[in-house]
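Observations on chain architecture
Spelled out from the first residue to the last, the chains are:
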Amino acid sequence: MTLTGSLGFFVFNDSMKGAIQMNDKVKQVLNVILDKFKSGDIPEAVAYSLYPIPEIPSAKWSLTNRTLMFLSGTMDGRGYKQWRQVDRYVKKSSRAFFILVPFIKKVDGEQSGGKEILVGFGCRPVFRVEDTDGKELEYENMELPDLPLLDRAEEWGISVRAIPGNYQYHGYYSFNRKEIALATPEEKVFFHELSHAAHEKVNGSLKRGQDPLQEIVAELSAAALCKLVGKQVNGRDGNSYRYIEKYAEKIKMSPYNACLKVMAETEKVLHLILKTEGERILQL
């Protein structure tokens, strides 16, 4: 029997002895993912689940479980004993979310050679860092730099926080959470994510995932904001061009033509972000 679906996470072999029965909790976990596929949240969740914080247990989880963690509204989930090991305690009345764990069975017999086979999946309860108290975690000491236009994000009800990063992402804007997370102090990364937020306000909504035109609007806006507020981009203009070029290729356009195509949208984004600041700058 093969269990198929959009995710394709689980494959079971007919030759396995005994039917593999998924318990109710496993079904609930799978339904969370399938429901999010229907609502269009999975592309965003998968993208952010690829942004694990180093040196914590969830960094070693499967993509499936990191996706479930993000959908549960956290970037750090651990079991009860794991939280005790770092001198943190789960708050009373906190509800766990569940990750999937494989059940591995060792096949006896000389011919098998001690082979291990997957016989099914179970669930393990874990708790969000937001549902714990106790000793401060190392990454909680990270501080944001004094970012220009930070007050604009606050005005729009968007929280901005610093997070440890890896080599895959420098930051993100979550539409659902109204949150900008930054893994670098560079103003340009903040401007890029702030531009996504402004673009959402201009249009009323944005397409899920890494839409090429939306990414070009955000990067073009970020480059313009760096110049308008007098911030240096540390020689990153070339990186902006390559970023735009990558997304322009996806829609079979040159970087120049792609920028022309989104110029009107970019102008609206910049006007919304700058407001009185923009009027003052343009008068100089």
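Report follows, based on the coordinates. Predicted, not measured: the structure shown is a model, and the values here were computed from it.

Within the protein, the regular secondary structure consists of eleven helices and eight strands. Looking at the protein as a whole, 42% of its 284 residues are labelled buried. A separation threshold of at least 6 residues defines the contact pool for the protein, and within that pool the share at least 24 residues apart is 62%. Accessible surface, the protein: about 16,400 Å² in total, of which carbon and sulfur atoms supply 51%.

Take helix α3 (residues 63-71) next. For α3, the tally of buried residues reaches seven of nine residues, placing the bulk of the element in the interior. Every buried residue belonging to α3 is among Thr 64, Asn 65, Arg 66, Thr 67, Leu 68, Met 69 and Phe 70, and all of these are buried. Remark: Gly 73 follows α3 within two positions and exhibits a positive phi of approximately 85°.

Ile 180, Phe 190, Leu 194, Ile 216 and Ile 273 are the most contacted members of the largest nonpolar core, which has 34 residues in total. Put simply, the parts of the chain that give this core at least two residues each are α5 (150-155), β8 (179-182), α6 (187-203), α7 (212-228), α8 (237-250), α9 (255-261) and α10 (263-274). Other than its neighbours up to four places away in sequence, Ile 180 contacts Ile 158, Ser 159, Val 160, Arg 161, Tyr 172, Tyr 173, Phe 190, Glu 193 and Leu 194. Within the second largest apolar cluster, seven residues are counted, among which are Ile 56, Trp 83, Val 90 and Phe 127.

Another aspect to go through is the packing of α6 against α10. When two helices pack together, their arrangement is given by the angle between the helix axes and the distance between those axes. Where α6 meets α10, the axes come as close as 9 Å, and the angle between the chain directions of the two elements is 105°. As far as their axial angle goes, α10 and α6 are roughly perpendicular. Only Glu 265, Lys 268, Val 269, Leu 272 and Ile 273 of α10 make contact with α6, whose side of the interface consists of Leu 194, Ser 195, Ala 198, His 199, Lys 201, Val 202 and Asn 203. The class makeup of the residues in the contact of α6 with α10 is six nonpolar, three polar and three charged.

Analysis parameters
- In this convention, every chain numbers its residues from 1, walking through the sequence in written order.
- A pLDDT threshold of at least 70 governs which residues receive local features in this predicted model, and a stricter bar of 80 or more applies before side-chain atom pairs are shown or counted, although totals over entire chains, interfaces and linings include all residues.
- Where side-chain values are given, they derive from all heavy atoms of the structure, hydrogens and water being excluded.
- A run of H or I in DSSP becomes a helix once it reaches four residues, and a run of E becomes a strand once it reaches two; helices and strands are each numbered from the N terminus.
- Buried residues are those whose accessible area, probed at 1.4 Å on protein chains only, stays under 20% of the maximum for their type, while exposed residues exceed 50% and partly exposed ones sit between those limits.
- Contacts are assigned to residue pairs with any non-hydrogen atoms lying within 4.5 Å of each other.
- Using a 1.4 Å probe, accessible areas were evaluated by the Shrake-Rupley method; residue-level cover was limited to the displayed protein chains.
- Residues enter a nonpolar core if they are buried and are Ala, Val, Leu, Ile, Met, Phe, Trp, Tyr or Cys, with the set joined through side-chain atoms within 4.5 Å.
- Helix axes are fitted only over the stretch in contact, all axes being lines through C-alpha atoms; the angle between N-to-C directions runs from 0 to 180 degrees.
- These descriptions rest on fixed angle ranges, namely under 35 degrees for roughly parallel, over 145 for roughly antiparallel, 65 to 115 for roughly perpendicular, and the rest for oblique.
- Three categories are distinguished: nonpolar for Ala, Val, Leu, Ile, Met, Phe, Trp, Tyr, Cys and Pro, charged for Asp, Glu, Lys and Arg, and polar for the others, with Gly belonging to the last.

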